[in-house]
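Topology and contacts: notes
So you can see what is in the structure, the chains are spelled out below.
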Amino acid sequence: MTQEKNTYSAAGEVGSVLEKRTFWARAKIELSKSPWTARFGLLVIFIYAVLAIFAPIFAPYGEAEVFPEPYAAWSSEHIFGTDQIGRDIFSRMIYGARNTVGIAVATTLLAFLIGGALGLAAAINRSYIDQLLSRAVDVLMAIPSLIFALVLLSIFGSTVTNLIIIIAVLDSTRVFRLTRAVAVNVVVMDYVEAAQLRGEGLGWIMRKEILPNIMPPLIAEFGLRFCFVFLTIAALSFLGVGIQPPTADWGSMVRDNASLIMFAQYDLKAGLTPLLPAAAIALLTVAINFVVDWFLHKTSGIRDEQ
Amino acid sequence: MSSKNQKADPLIQINNLKIEGFSDEQWHPIIKGVNLTLKRGQVMGLIGESGAGKSTLGLAAMGYTQPGCRITDGEIIFDGTDLAQLNDSAKQQYWGNRMTYVAQSAAASFNPAHRLIDQTTASAIRFKIKNESDAKKDAKRLYEALNLPNPESIGDRYPHQVSGGQLQRVMTAMAMSPRPDLIVFDEPTTALDVTTQVEVLTAMKSIVEEFNTAAIYITHDLAVVAQMADVIKVLRYGNEIEEAETRKMLTAPEQDYTKSLWSVRSLEKKPAKVQEPILEIQNIDAAYGKFKVLHDVNISVPRGSTVAVVGESGSGKSTTARVITGLLPQLAGEIKFDGQILPKRLEDRTKEQKRIIQMIYQMADTAMNPRQTVREIIGRPLEFYLNLKGREKEKRILELLDMIELDDQFIDRLPSELSGGQKQRICIARALAANPKFIICDEVTSALDQIVQEGILKLLMRLQKELNLTYLFITHDISTVRAISDEVVVMNLGEVVEQGLKADVFSPPHPDYTELLLSSVPEMDPDWLKNLNERRNS
Amino acid sequence: MHPVLQTVLGRLGLGLATLFVVSLIIFSAIEMLPGDFGQAILGQAATEETVAAFRRELGLDEPPYVRYLQWVGGAIQGDLGTSFSGRNASGTDRSREVIDLIAPRLWNTLFLASVTAIIAVPVSLFLGITSALYRNSVYDRTINTTTLTTISFPEFFVAYILILLLASLYPIFPSLANVDASTPLSERLYRSALPAFTLTLVIVAHMMRMTRAAIINLLASPYIQMARLSGASQTEVILKHALPNAWAPIATVIAFNLAYLVVGVVVVEVVFVYPGVGQLMVDAVTSRDIPVVQGCALIFAVTYILLNLIADIIGIITNPRLLHPK
């Protein structure tokens, strides 16, 4: 070894080493730097969640409570009037947050459970399981999912359970693709090989080495898939083959009150009524898209490690 | 080149240049006020480690800033005009006309949709320097001067149809085609194997001399810059450290930082006592699918020594490591460790067999789970192999951190909160945690800056002495081999060319391939390339 | 064989295989019906004989593969079977051929989709490419936020806003798009204006965002920087260096969105009561008229697969690596 003076010490080798911060401190900093769109989105999501959870408290009337006057105008008694058989629209909007959003959340969760697990299995296996699943998914994705859903609903009928299972299975194909793609990139990492060399079991490698590293894209995808599922279910309900009456649901509320729109020339408020549930759907998807857009921007920025 | 006739007025004069880059929602300084003067026909080497700002400065000499960067202060005066004040369309009159660029990755920098000759001649035709047929004739002449095979027809090919080394030379022809006043070479040989690098360097040097073109040569490799440059400027963290004429810079650097860059090459190891082999690889054949990559490989590793496996890309050196670890079961032959035959497949090996052989990877970034702290990374093998828990485990982690010269505040850090050298140290600690007898080091220093490399190599040697470890050191870098090995194995195309003590392998007579490989490694002597080519041509 | 031809043939084969599996899935819809569906369709009053006769007519006595071959054979010749509706318990049969139901509506749907595509494709390519070129400018940010909002809207929301504004408050266009074979072209265009406008708004947002992403990705290639540094002007960089490599991503974007259009058509047709295949399919699903559902699904699936196939083939024949093999 050279006897040169030690100009080097490992601890002093700083360069541009990042500071150590806790998760919450980092979250706070990120939030303070976030654009208005993301903050707006987070606020909307929060309000929807509160409304959905405490629907019976906020709603002035019951979900299926019928009043004598159908198509009642907006008034202090019925804030947004009543629908074609005399149910309070405002109350049904609030219950709709619970039903429509709840069903969409359940569907998305199921889709992630199926697609995520299979995607991970395919990424690790990389042989016949991967081949089989990937080909099956290719075929399923060769049919537009709304069309496929319509075919399946015509066979099995439109119950909530059927709806959730059918949409979840169809949507899990996209979750599968993404999970597989992201996980394949992680599986080839040296730290996964290092764990294999150490002799770790498959479960440990999946749980500790792979899963934590594919979470950010999966979380973003969860938001996007939720929007997609939510819009698909809303579309199906709007078409009359989704969530069935008397369950309060935004998609079918639009359909039920659609004829009011042509009254807008005479009473603008009445004309706006069918747009309210549609706007409720749009607002939530916009909010989620804003948050996801920011999140994606954020996580992809971190990956650069400037 | 320094003897060339140079006009007095500078071609480029950069004054107090400051450049910022945008990342993480804010602007960070990249170049912090650098001056640069380049005379006509002069070649300046810009050297520095990653993050020094050498590429940014090189591009700035052309008035170009990469997307996401901006010039905040200073002048870039090219032949009397301040490029920093010009808009893009005005600068386009200079780019490809009076100044050209040679990029690091030729494969990515050529447009896949066009033929090479059309891309070579595009600038000269665009600026009406030559008409199309003259430009093409000239391009073929340049191809010939650059020693490209089939200079008449190679231009009709598409970029993906020729090899990397050839593509790099075509790019040099493309840069020379409009006969610019200045060429900026941005790490043009970094992605090439040493034997190819020699050809490309020779071609670039001779053509730059022939046309008396001024050039800025950006690299992190001192020996390479010594061949190319008349003057060398050393950069660090966006500041100039020093500038001097090449010979003076090599013999008498002034600044401590520059000296530390030079000192790496002077590491030397005293040969270890020859002991009985701990690992014997006998008649190994291996393949990826149908593609056979190892042919009858025999390597023997004496206990307590460092055996370096050298070779270029595709030589099979990393595959050999995969066979030893059991990740790629061999087709034929066997591996003996401490006299016992190791099962071919990783799954068939016992925990003990896995524990005693550990591996350290080239890229510390990808070798550590970015979501685990140092405690989890080093703690896991302690728990897994040695059943250490709680306070015992914690104590051992701190001991290991101490061994790798890091203090205990590092225990809660994530890999992203460590520098490159610190990351590699944590990887070493993780390997040591298993109390191994044998460690495979796969290019462990090649992704690191030189000054950090030295620290890691010293650490590895100290640990070897203290813990009686045996290393199999896989590398393509001959100077690292000289510094740390006891024995050397030379591999080429999946075969062992020779194995022997370092002194024997490095002294003649050599087998042909060893000769080619060793002679291709650039040396700090500015006349090395010239002498080499004279020797080879004679 | 030339690699381009080889790859194209391979891709065609894959398309055919997909089509086969898809047809198998759609066919099996009828297999999955519960055993008593005959009763359900013909009504509670149907006798056992009429139900048995109905099952015989559907060929449910034959083994499945025979029926599959008959179904596919028929479908290729344009025979998609007979609708379930129009039958009743007494055994009288006023049902219609599925193909007669679909054919006129298919023409309507294709008309609506083409009008939309003719407007939407150029507009979104223009917006996508320009916003990629002027990345992070006010122009780009505005377009980006607007389209991000628009893609979040359900189609029927966009549709009803347009009805509210352009049919109800300011009655410029009709809210119901009832066209038939005798409607002259100008009248047809006028009546289809709102559905086409709705679809355009939805599609442009998607297509523009995807185009922008594809172009930004392309412009980040080192060879684009190289082209700039060899003095190429902005126009030259785009026309000579970016465009030849952009066909594949752009074709994919267009095909993807036209395929999306095919699906979006369903909801929009229902909103505007436009007599197209989508509306027919929804009605058939509601009445569980399986042969009609199968016929519509087959048409949608074939269109979808075909569009993706075309995009892939464009990608293959413009790929220089395949065009000029080693």
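Values in this document were obtained by computation on a predicted structure and should not be read as measured data. (Residues numbered from 1 in each chain as written. Chains lettered and ligands numbered in written order. Predicted model: local features only at pLDDT ≥ 70, side-chain atom pairs only at ≥ 80, totals over all residues. Heavy atoms only, no water.)

**Considering helix α3 (residues 48-58) of chain C**
Residue and element names in this part refer to chain C.
- What α3 keeps buried is the set Thr50, Val51 and Phe54. On an axial view of α3, the arc spanned by its buried residues comes to 100°, and they lie on one face. In this structure, α3 carries Glu48, Glu49 and Arg56 as exposed residues pointing more than 90 degrees from its buried face. (Buried < 20%, exposed > 50% of the residue type's maximum accessible area, 1.4 Å probe, protein only. Helix = DSSP H or I, 4+ residues; strand = E, 2+ residues; numbered from the N terminus. Arc of directions from axis to C-beta.)

**Things to note about the layout of surface pockets**
- What the second largest pocket holds in volume is close to 650 Å³.
- Around the second largest pocket, the lining is made up of 25 residues, and of these Asp138, Met141 and Arg177 of chain A together with Arg11 and Asn308 of chain C lie nearest the centre.
- Elements supplying a minimum of two residues to the lining of the second largest pocket: α5 (128-141) and α7 (160-187) of chain A together with α1 (3-31), α12 (247-271) and α14 (290-317) of chain C.
- Among the residues making up the lining of the second largest pocket, the classes are represented as 15 nonpolar, 4 polar and 6 charged.
- Residue assignment places the lining of the second largest pocket across two domains, with domain 1 (1-96 + 289-326) and domain 2 (101-286) of chain C each supplying three or more. (1 Å grid on protein atoms, 1.4 Å probe; cavity = no way out; pocket = protein on both sides within 12 Å on 5 of 7 lines; lining within 4 Å. Points joined across faces, edges and corners; volume = space filled by probe spheres on them. Nonpolar A, V, L, I, M, F, W, Y, C, P; charged D, E, K, R; others polar. Domains from an automatic or database assignment.)

**Digging into the environment of serine 416 of chain B**
All names here are of chain B.
- Position of serine 416 relative to the elements: it lies in the loop between α15 (390-403) and α16 (420-433).
- Relative accessible area serves as the criterion here: at 28%, serine 416 is assigned to the partly exposed category.
- Considered as a pair, serine 416 and threonine 373 are 43 residues apart in the sequence and their alpha carbons are 9.6 Å apart.

**A closer look at empty space enclosed by the protein**
- Following the criterion strictly, the structure yields 10 cavities of 30 Å³ or more and no others.
- In terms of lining, the largest cavity is formed by 15 residues, of which the most central are Ala194, Leu197 and Arg198 of chain A together with Gln358 and Met359 of chain B.
- Those elements that place two or more of their residues in the lining of the largest cavity are α8 (190-198) of chain A together with α12 (351-356), β16 (357-360) and α14 (374-386) of chain B.
- Residues that form the lining of the largest cavity fall into these classes: 8 nonpolar, 3 polar and 4 charged.

**Thoughts on the pairing of strand β17 (residues 438-442) of chain B**
All names here are of chain B.
- Counting buried positions along β17 yields 5 of 5 residues, so the element is predominantly enclosed.
- Here β17 shows two buried faces, one formed by Phe438, Ile440 and Asp442 and the other by Ile439 and Cys441.
- Relative to β17, β16 runs parallel, the two sharing 4 bridges. Residue glutamine 358 lies in a different strand from β17, and its bridge partner there is isoleucine 439.
- Each parallel crossover has a hand, and the one from β17 via helix α17 (residues 450-467) to strand β18 (residues 470-475) is right-handed. (Pairing = 2+ DSSP bridges. Right-handed = clockwise from strand over helix to strand, strands pointing away.)

**Some words on the confidence of the model for chain A**
All names here are of chain A.
- Residues at a pLDDT of 70 or more form 90% of chain A, whose mean pLDDT is 82.
- The lowest-confidence element of chain A is helix α1 (residues 23-33), averaging 74 in pLDDT; the highest-confidence one is α8, averaging 92.
- Note that pLDDT drops below 50 for residues 301-306; the model gives that stretch 3 contacts with residues more than four away or on any other chain. (pLDDT = per-residue confidence, 0-100. Contact = heavy atoms within 4.5 Å.)

**Quick look at the domain arrangement of chain B**
All names here are of chain B.
- Per the domain assignment, the segments making up chain B are domain 1 (4-105 + 181-265) and domain 2 (277-368 + 436-507).
- Placing a centre on the C-alpha atoms of domain 1 and another on those of domain 2 gives a separation of 37 Å.
- In this assembly, 12 residues from domain 1 lie in contact with 7 residues from domain 2.
- Contact between domain 1 and domain 2 buries roughly 1000 Å² in total, counting both sides, with carbon and sulfur atoms accounting for 43%.
- In this structure, the connection of domain 1 to domain 2 is made through 2 residue pairs in polar contact (both at pLDDT 80 or more). (Buried area = accessible area lost by both parts, 1.4 Å probe. Polar contact = N/O pair within 3.5 Å; in protein donor to acceptor, adjacent residues only side chain to side chain.)

**Details of the packing of helix α6 (residues 145-156) of chain A against α14 of chain C**
- Contact geometry for α6 of chain A and α14 of chain C: axes closest at 10 Å, N-to-C directions at 165°. Considered as vectors, α6 of chain A and α14 of chain C are oriented roughly antiparallel to each other. Once α6 of chain A is placed against α14 of chain C, the crossing between them reads as left-handed. Of the residues in α14 of chain C, those touching α6 of chain A at Ile147, Val151, Ser154 and Ile155 of chain A are Ile290, Val293, Ala297 and Phe300 of chain C. (Axes fitted to C-alpha atoms, helices over the stretch in contact; angles between N-to-C directions. Parallel < 35°, antiparallel > 145°, perpendicular 65-115°, else oblique. Left-handed = near helix turned anticlockwise from the far one by under 90°.)

**Considerations on the sheet that holds strand β13 (residues 306-310) of chain B**
All names here are of chain B.
- One open sheet accounts for 6 strands, arranged β16-β17-β18-β13-β19-β20; its pairing is mixed. In this open sheet, the two edge strands, each paired with only one partner strand, are β16 and β20 (495-501). Neighbour-to-neighbour, the strand axes of this sheet turn through a mean angle of 15°, independent of strand direction.
- Helix-sheet contacts for α17 involve β13, β16 and β18, and the interaxial angle to β18 is about 155°.

**With respect to the sheet that holds strand β12 (residues 291-302) of chain B**
Residue and element names in this part refer to chain B.
- Strands sit in the order β12-β11-β14-β15 across an open sheet of 4 strands; the sheet is antiparallel. Two strands lie at the open edges of the sheet, namely β12 and β15 (340-341), each paired on one side alone.
- In this sheet, β15 lies alongside strand β14 (residues 332-337) in antiparallel orientation, the contact comprising 2 bridges. By the bridge assignment, lysine 336 is partnered in β15 with isoleucine 341.
- The strands touched by helix α11 (residues 317-325) are β11 (277-288), β12 and β14; relative to β11, the strand with the most contacts, the crossing angle is about 110°.

**Some details on the pattern of salt bridges**
- One pass over the structure, following the stated rule, counts 51 salt bridges over all chains.
- The salt bridge involving glutamate 466 of chain B is made with arginine 462 of chain B; its shortest N-O contact spans 3.0 Å. Remark: arginine 462 of chain B and glutamate 466 of chain B occur in helix α17; sequence separation between them is 4 residues, near one turn of the helix.
- Residue classification places arginine 462 of chain B among the partly exposed positions, given a relative accessible area of 25%.
- Salt bridges sharing partners connect three or more residues here, namely Arg198 and Glu200 of chain A together with Arg380, Glu383 and Lys393 of chain B. (Salt bridge = Lys/Arg side-chain N within 4 Å of Asp/Glu carboxyl O.)

**What about the interface of chain C and chain A?**
- Counting from both sides, the interface comprises 43 residues of chain C and, opposite them, 41 residues of chain A.
- Between chain C and chain A, roughly 3800 Å² of surface is buried when both sides are summed, and carbon and sulfur atoms account for 82% of that area.
- Broken down residue by residue, the surface that chain C buries against chain A is led by Ser152, Phe156 and Tyr160 of chain C, which jointly contribute 16%.
- Linking chain C to chain A there are 1 salt bridge.
- Ionic pairing is found between arginine 209 of chain C and aspartate 293 of chain A, a salt bridge with its closest N-O pair at 3.9 Å.
- Inspection of the chain C/chain A interface yields 5 residue pairs in polar contact (both at pLDDT 80 or more).
- Secondary structure elements with two or more residues in the side of chain C that touches chain A: α1, α6 (138-151), α7 (155-169), α12, α13 (277-286) and α14 of chain C.

**A closer look at the packing of aromatic side chains**
- Across all of its chains, the model carries 22 aromatic pairs over all chains by this definition.
- The interplanar angle of 35° and the centroid separation of 5.7 Å between the aromatic rings of phenylalanine 185 of chain B and tyrosine 217 of chain B together place this pair among those described as tilted. In this pair, phenylalanine 185 of chain B is assigned in strand β7 (residues 182-186) and tyrosine 217 of chain B in strand β8 (residues 214-219), connecting sequence segments 32 residues apart.
- By relative accessible area, which is 1% here, phenylalanine 185 of chain B ends up buried.
- Classification of tyrosine 217 of chain B as buried rests on a relative accessible area of 1%.
- Centre to centre, the rings of phenylalanine 20 of chain C and tyrosine 68 of chain C are 6.1 Å apart; their planes meet at 85°, and the pair counts as edge-to-face. Note that phenylalanine 20 of chain C is positioned in helix α1 and tyrosine 68 of chain C in helix α4 (residues 64-76), a separation of 48 residues in sequence.
- A relative accessible area of 45% means that phenylalanine 20 of chain C is categorised as partly exposed. (Phe/Tyr/Trp six-rings, centres within 6.5 Å; stacked < 30°, edge-to-face > 60°.)

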